[in-house]
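Tertiary structure, described
This is what each chain is made of:
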Amino acid sequence: MPKPDFPRSILAFQEWFVDEQACLDYLFESRWPEGFTCPRCGGRDAYPIATRRLWQCVECRYQVSVTAGTVMHKTRLSLRLWFWAAYLMATGTPGMSARQLQRQLALSRYDTAWTMLHKLRRAMVAPDRGLLSGEVEVDEFEIGGVEKGRSGGRSAIAKASTGIIAVEVRGTGSGRIRIELIDDATAATLSGFIERTVAAGAIVHTDGWQGYAKLASKGYVHRPRSQAKAKRDGDIDPVLPRAHRAISNFKSWLRGTHRGVSAEHLQVYLDEFIFRYNRRRTPMAAFQTLLGLSSHHPPSTRAEIVAEGPAAAKRG
């Protein structure tokens, strides 16, 4: 079903969502673009209980929340605050810190802004997102400093703050990306990430690390390129340039916008960067996604966000 349109400028946003009722009407149109349908009896007639953000079916009297399944589910905050938070989060090029959001929305508590942003970040990962295809560069990288005591190469067990990135090749530029935190750089870990994120049959470019050696047996066209050999041969073309550029952009973004993040929530910041990078040409359309208007997975509660810890890291 088609979703309702979205505001294309801040002036349009202000005109569309002038009050709480305007937000409720937009949520209704998003949930039932072809008119109300009762999930229990299929009835087509309902009346609003606006004070509770509910619609009640005329036939069976079943009550349905217009915020169910969105990041606003069971919220006590104004819907306008949530709409503004999603808009600022989606359209701000570098992103939004909790301190900035607290100031922009005049929130009395920092904790409220922090929770809102973490709920919005968890709406950024679509459970049915497609696999990368065509040609893809894959590389690992470290987040948070240099590992002491390493003279070169890789250790089998990497730091906890180690990530792996896959970037689609689009001519001289880049397409979509995927990033995950990993515990090590073994063949099983690297292959597992690639199988979760890259379509079979794709051409996968990597460096010469032996952990990638079995990719050909996994149904990929593997094209490794040794960095050491490239230097010896005087090859001035960078190895995996798109992956390295995206990694550099991520580190600059993390330092510039958030200064630093806790290790237990690092993956959701990776998810935010992925979301922004993949929608860098259509930021306005991301507004609906952040609210969870087309989401197929339940929103996170604050208790779940706090309790997640490192378990938040693995994304399918």
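Given the structure is predicted, the values throughout are model-derived calculations rather than measurements.

Some remarks on the pairing of strand 4 (residues 135–142)
- In terms of burial, strand 4 is largely enclosed, as seven of its eight residues are buried.
- For strand 4 and strand 7 (residues 203–206), the ladder comprises three bridges, and the chain directions are parallel. Across the sheet, Glu135 pairs through a bridge with Ile203, a residue of strand 7.

A look at unusual backbone geometry
- For Lys74, which is not a glycine, the phi torsion comes out positive at approximately 60 degrees.
- Phi angles above zero are rare outside glycine, and Leu240 is one such case at about 55 degrees.

Structural notes on helix 8 (residues 241–258)
- Helix length check: helix 8 (18 residues) gives 25 Å between terminal C-alpha atoms against 26 Å at 1.5 Å per residue, within 8%.
- Arg242, Ala243, Ala246, Ile247, Phe250, Trp253, Leu254, Thr257 and His258 are the residues of helix 8 that are buried. Along the axis of helix 8, the buried positions cluster into a sector of 135 degrees, meaning they face one direction only. Away from its buried face, by an angle of more than 90 degrees, helix 8 presents the exposed residues Arg255 and Gly256.

Let's talk about the packing of aromatic side chains
- A complete count under the given rule lists 21 aromatic pairs for this structure.
- A ring pair is formed by Phe28 and Trp55, whose centres lie 4.4 Å apart and whose planes are at 40 degrees; its orientation type is tilted. One end of the pair, Phe28, is in helix 2 (residues 20–31); the other, Trp55, is in strand 2 (residues 54–57), with 27 residues separating them in the sequence.
- Given the relative accessible area of 18%, Phe28 is considered buried.
- Pairing Trp253 with Phe273 gives two aromatic rings, centres 5.7 Å apart and planes at 45 degrees, and the pair type is tilted.

Focus: the pattern of salt bridges
- With the rule as written, the count across this model stands at nine salt bridges.
- Residues Glu180 and Arg196 are paired through a salt bridge, measuring 2.7 Å at the closest nitrogen-oxygen approach. Separated by 16 residues along the polypeptide, Glu180 in strand 6 (residues 173–184) and Arg196 in helix 6 (residues 187–197) bring together distant segments of the chain.
- Its relative accessible area of 3% is what places Glu180 among the buried residues.
- Between Glu272 and Arg276 there is a salt bridge; the shortest N-O distance is 3.0 Å. In this pair, Glu272 and Arg276 are both assigned in helix 9 (residues 266–278), four residues apart and thus about one turn of the helix distant. Arg276 matches Glu272 in its accessibility class, with the two residues each being buried.
- Shared partners join several salt bridges into a network, and the residues in it are Arg121, Glu272 and Arg276.

Thoughts on the side chain of His222
- Positionally, His222 belongs in strand 8 (residues 221–224).
- Contact partners of His222, with chain neighbours within four places excluded, come to Val204, Thr206, Tyr212, Ala213, Leu215 and Ala216.

Considerations on the nonpolar core
- Core analysis: the biggest nonpolar cluster contains 46 residues, and Met72, Phe83, Leu101, Leu120, Phe287 and Leu290 have the highest contact counts within it.
- Put simply, the parts of the chain that give this core at least two residues each are helix 2, helix 3 (79–91), helix 4 (98–104), helix 5 (110–122) and helix 10 (286–291).
- Top element by residues in this core is helix 3. It accounts for ten residues.
- Setting aside chain neighbours within four positions, we find Leu101 in contact with Ala85, Leu88, Met96, Leu107, Ala113, Met116 and Leu117.
- The next biggest cluster of nonpolar side chains, apart from the first, holds 22 residues, and it includes Ile165, Ile247, Leu254 and Val268.

Quick word on the packing of helix 2 against helix 3
- Taken N-terminus to C-terminus, the directions of helix 2 and helix 3 make an angle of 70 degrees; their axes are 8 Å apart at the nearest point. Judged by the angle between their axes, helix 2 and helix 3 are roughly perpendicular. Residues Glu20, Cys23, Leu24, Tyr26 and Leu27 of helix 2 lie in contact with helix 3, whose contacting residues are Leu79, Arg80 and Phe83.
- Partitioned by chemical class, the residues of the contact of helix 2 with helix 3 number six nonpolar, no polar and two charged.

Each value, and the rule that gives it
Every chain's residues receive numbers from 1 upward, in the order its sequence appears when written. Only residues with pLDDT of 70 or above have their local features reported here, since the model is predicted, and side-chain atom pairs are shown and tallied only from 80 upward, although totals for entire chains, interfaces and linings are computed over all residues. Working from all heavy atoms in the structure, the side-chain values ignore hydrogens and water. To sort residues, take the accessible area from a 1.4 Å probe on protein chains only and compare it with the maximum for the residue type: under 20% means buried, over 50% means exposed, and anything in between is partly exposed. In this description a helix means any DSSP run of H or I spanning at least four residues, a strand means any run of E spanning at least two, and both kinds are numbered starting from the N terminus. Only strands joined by at least two bridges in the DSSP assignment are considered to pair. To estimate how far a helix should reach, multiply one less than its number of residues by 1.5 Å. What the arc measures is the spread of directions leading from the helix axis to the C-beta atoms. Two rings belonging to Phe, Tyr or Trp (six-membered ring only in the last case) form a pair when the distance between their centres is within 6.5 Å. Interplanar angles under 30 degrees mark stacking, angles over 60 mark edge-to-face geometry, and anything in between is tilted. Salt bridges are identified by distance alone: a Lys or Arg side-chain nitrogen within 4 Å of an Asp or Glu carboxyl oxygen. Should any heavy atoms of two residues lie within 4.5 Å, those residues are considered in contact. Working definition of a nonpolar core: buried Ala, Val, Leu, Ile, Met, Phe, Trp, Tyr and Cys residues. They are joined through side-chain atoms within 4.5 Å. Between N-to-C directions, angles span 0 to 180 degrees; the directions come from axes that are lines fitted to C-alpha atoms, helices contributing only their stretch in contact. Oblique is the label for any angle not covered by the other classes, which are roughly parallel (under 35 degrees), roughly antiparallel (over 145) and roughly perpendicular (65 to 115). Put simply, Ala, Val, Leu, Ile, Met, Phe, Trp, Tyr, Cys and Pro go in the nonpolar bin, Asp, Glu, Lys and Arg in the charged bin, and everything else, Gly too, in the polar bin.

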